[in-house]
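# An overview of the molecular structure
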Amino acid sequence: MRVRWDWLSLLLVMLLTLVMWPAAGVQAQPTAGRDTVVIGISQEPDYLNPMFAEMSAAASVQSTIFTADVERDSAWKLFPQGVEYMPSLKDNTWRLDGEKMTLVWKVKARNWSDGKPVTCGDYVFGHSVARNEQVPVVVRDLTTRIANVVCSKGAEGLDITVNWKDRYAFANISVTQYGATPRHALERYYRDNPAKLNEAPYGNDPKFTVGDGAYRLVEWRKGSSLTVEAVPNHAIFGTPRVKRITWRFVPDTNALVANMLSGAIDVVATIGITFDQAVQLDKQAAGRFKVYFEPALTWEHIDLNFDNPLLQDVRVRRALAHGINREAISQQLFEGRQPVSNTYLPARHPGYTDAVQKYPYDPARARALLQEAGFTPGPDGILRNAAGQRLSLELNTTAGNRIREQVEQIIQQNLKDIGIEITIQNFPARVYFGEITNQRKYKALAMYAWTIAPTSDCADLYTSESIPNEKNGWAGQNYPGYKNADMDKTCKAARAEVDEAKRIQLLNESAQIFARDLPALPLYNRASVSAAKPGLQNYLPVQLSGTYETWNASKWYWQ
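Below: a short report on this structure.

Thresholds applied
- Residues numbered from 1 in each chain as written.
- Predicted model: local features only at pLDDT ≥ 70, side-chain atom pairs only at ≥ 80, totals over all residues.
- Heavy atoms only, no water.
- Helix = DSSP H or I, 4+ residues; strand = E, 2+ residues; numbered from the N terminus.
- Polar contact = N/O pair within 3.5 Å; in protein donor to acceptor, adjacent residues only side chain to side chain.
- Contact = heavy atoms within 4.5 Å.
- Pairing = 2+ DSSP bridges.
- Axes fitted to C-alpha atoms, helices over the stretch in contact; angles between N-to-C directions.
- Buried < 20%, exposed > 50% of the residue type's maximum accessible area, 1.4 Å probe, protein only.
- Phe/Tyr/Trp six-rings, centres within 6.5 Å; stacked < 30°, edge-to-face > 60°.
- Lys NZ or Arg CZ within 6 Å of the ring centre and 35° of its normal.
- Right-handed = clockwise from strand over helix to strand, strands pointing away.
- Salt bridge = Lys/Arg side-chain N within 4 Å of Asp/Glu carboxyl O.
- Disulfide = S-S within 2.5 Å.

### What about the side chain of Ser530?
Summarising the element assignment, Ser530 is placed in strand E18 (residues 520–532). Engagement of the side chain of Ser530 in a polar contact is seen with the side chain of Tyr539, the distance being 3.0 Å. Other than its neighbours up to four places away in sequence, Ser530 contacts Val268, Ala269, Thr270, Lys290, Val291, Tyr292, Tyr539 and Pro541.

Written out as structure tokens, the structure reads:
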């Protein structure tokens, strides 16, 4: 394996040395002007309507065209952005009444990009839409826990009272689950067909997509690029000095590096080049670009589809974990800088614990577990169960992601060594995240990453209520279809616990249950990598759920 890594490193060094112009099929573009920033990104957003967007690429754009109620800065510190303050138990703007809660909010005055004012009515409308189970929102777990949203001084006012049915530990980081939604732009599509609201022009077509952020969406060339323009004299952000931001979609990460080296782009987004490419870019292009390596709460893993009979036996899932040499992946592909993970919470998450069941690389143990589960070798070396079914599993991930494709090859060989056949079928990111994973269409194994926040828990990921299906509009992110009553109880309790110490203990317990049951195979904890031309000032990349390099784009400028 060491020889293979040396050869791969040499190949990448050669690539970075030679590709001083974009790869074939990628047109060179002139260097951006002093009032424009061009961002290269390896994925294209699925939707820009926050209710339906699941891809991290969408969050990068949404940070510019929408105003978050509460945002995180590059130090992960929360601050009120679209509201005057964060409700607090200390000042009585957050009140507890047994299991119920009331939070009082004051929204900052601002307009939608078409000039209409943002009002309390927009929050009420967005909340009512998210409650409708015909609408295929990503998740609605918080929405269902809110009793009502009241406009304290009328629908046109800015004072909002949110009454909660039960306790939620982080109720003060957003007014409602999806925040303000422009009723005047979206209501007619909602009335026409709630079940098809995600297909409405709003969130898909710049002509109909209005936001309340520092920028407005002006162009979206599907499969190519997306552009936003600064809103002058914004009530919150002022007038941004960078007038235009363009995202260029370059799914092949080698081509993305080539575009950066040629000067066609100014920034490689955190959803861009792979870790090893960033290391080499840092070495090869010192001075031309600044490469950022930021600790992130990003967890690379493989979801296991529990509808597949071959994966329903925990011994098979544990054999898969023992059969993959994750430490070799970490060392050979990432120089150990992206460490092996053992549960669903990354090490920097407040609820992380190392006291969980672990699965070191142990082919002998993996074979023993498979034998216990009733599998015996067939004439081709692939294991079969008592019914004669071959232990053959399909592995999917995002097409064009070089590092994931390398990981797939290692996994395929590792598992072949213990009698498991892995076939590989990859998909474009928009298809993979817009249909394959969230509608649970993957046959067996789905590799991707969750980027979470310090406030994240397991309620969206691993409770039985969060399994997406046609009846609930594919809401929820429990893509494995995992069910465990103890996990349900623990995750729900963690989400409701306002005492931090008790909440952390519950999260520790959920991590331990996860490690025993393995609804997903932990691979490694990722670092966030990005690059920018050194003249771009105030570029402070961060990669948390909902917070990306564009979180402060209104403060960028060229020097």
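### Details of the sheet that holds strand E17 (residues 445–451)
Reading across the sheet, the 10 strands line up as E8-E9-E10-E1-E11-E18-E12-E17-E15-E16 and stay open at both edges, with mixed pairing between neighbours. The open sheet is flanked by strand E8 (215–221) and strand E16 (421–424), the only strands paired with a single partner. In this structure, strand E1 (residues 36–41) lies alongside strand E10 (residues 244–249), joined through six bridges in parallel fashion. If you follow Thr36 over to E10, its bridge partner there is Arg244. Against the sheet, helix H12 (residues 429–436) makes contact with E8, strand E15 (392–396) and E17, and its axis sits at roughly 95° relative to E17, the strand it touches most.

### Digging into the side chain of Gln81
Following the sequence through the fold, Gln81 ends up in the loop between strand E3 (78–80) and strand E4 (94–97). There is a polar contact of 2.9 Å between the side chain of Gln81 and the backbone nitrogen of Ala68. Once you skip the residues sitting within four places of it in the chain, Gln81 turns out to touch Thr67, Ala68, Asp69, Val70, Glu71, Lys108, Ile236, Phe237 and Trp551.

### Things to note about the environment of Trp474
With respect to the secondary-structure elements, Trp474 resides in the loop between helix H13 (459–462) and helix H14 (485–496). On a C-alpha basis, the gap between Trp474 and Pro45 in space is 18 Å, while along the polypeptide they are 429 residues apart. Other than its neighbours up to four places away in sequence, Trp474 contacts Val137, Val138, Asn438, Gln439, Pro468 and Asn469.

### Structural notes on the environment of Arg183
On the secondary structure map, Arg183 appears in helix H5 (residues 183–192). For Arg183, a relative accessible area of 38% puts it in the partly exposed group. In this structure, Arg183 is in contact with Asp122, Phe125 and Arg191, ignoring residues within four places of it in sequence.

### Regarding the packing of aromatic side chains
Taken as a whole, this structure holds 23 aromatic pairs when the rule is applied. For the pair Tyr189 and Phe208, a centre-to-centre distance of 6.5 Å together with 90° between the ring planes defines the contact as edge-to-face. A residue pair is termed long-range when its members are at least 10 positions apart, and Tyr189 in helix H5 and Phe208 in the loop between H5 and E8 qualify at 19 residues. Judged by centre distance (6.5 Å) and plane angle (10°), the ring pair of Phe427 and Tyr432 falls under stacked. By relative accessible area, Tyr432 is classed as buried at 0%. Among the aromatic residues, ring-to-ring pairing joins Trp299, Phe306, Tyr344, Tyr462, Tyr482 and Phe514 into one connected group. Across the ring face of Trp220, the terminal group of Lys222 is positioned such that the distance to the ring centre comes to 4.2 Å. Residue placement shows Arg241 over the ring face of Tyr557; its charged tip is 4.0 Å from the ring centre.

### Side note on unusual backbone geometry
Glycine aside, the phi torsion of most residues is negative, and most peptide linkages are trans. The backbone phi angle of Asn233 is positive, close to 55°, even though this residue is not glycine. Turning to its location among the elements, Asn233 is positioned in the loop between strand E9 (225–230) and E10. Overall, the relative accessible area of 67% leaves Asn233 in the exposed class. With a phi close to 55°, Arg440 is a non-glycine residue in the positive phi region. Tracing the backbone shows Arg440 in the loop between H12 and E17.

### Side note on the sheet that holds strand E7 (residues 159–164)
Spatial strand order, E4-E5-E7-E6: four strands in an open sheet with antiparallel pairing. The open sheet has two edge strands with one neighbour each: E4 and strand E6 (146–151). Neighbour to neighbour, the strand axes of the sheet diverge by 15° on average, direction disregarded. Relative to E7, strand E5 (residues 100–106) runs antiparallel, the two being bridged by six bridges. Each residue of the ladder has a partner; that of Leu103, found in E7, is Val162.

### Notes on the pairing of E15
Taken across its five residues, E15 has four buried, putting it largely inside the fold. With four bridges connecting them, E15 and E16 associate as parallel partners. Looking across to E16, one finds that Leu395 is bridged to Ile424. At this point the chain moves from E15, through helix H11 (residues 402–416), to the parallel E16, and the crossover so formed is right-handed. As paired elements, E15 and E17 share two bridges and run parallel to each other. From the neighbouring strand, Leu395 faces E17, where its bridge partner is Leu445.

### Some points on the pattern of salt bridges
In this structure the tally under the stated criterion is 27 salt bridges. For Arg440, the salt bridge is made with Asp307, and the minimal N-O distance between the two is 2.9 Å. On the criterion of sequence distance, the pair formed by Arg440 in the loop between H12 and E17 and Asp307 in the loop between strand E12 (290–304) and helix H8 (314–323) is long-range, its members being 133 residues apart. Judged by relative accessible area, Arg440 falls into the buried class, the value being 15%.

### Section: the state of the cysteines
Considering all chains together, one arrives at two disulfides under this definition. There is a disulfide in this structure between Cys458 and Cys491, and the S-S distance comes to 2.0 Å. Residues Cys458 and Cys491 share a disulfide whose torsion about the S-S bond is about -115°; that sign makes it left-handed. Pair noted here: Cys458 is in the loop between E17 and H13 and Cys491 is in helix H14, with a separation of 33 residues, a long-range link. In this pair, the class of Cys458 matches that of Cys491, namely buried. Cysteine pairing for the chain (bonded cysteines numbered in sequence order): 1-2, 3-4.

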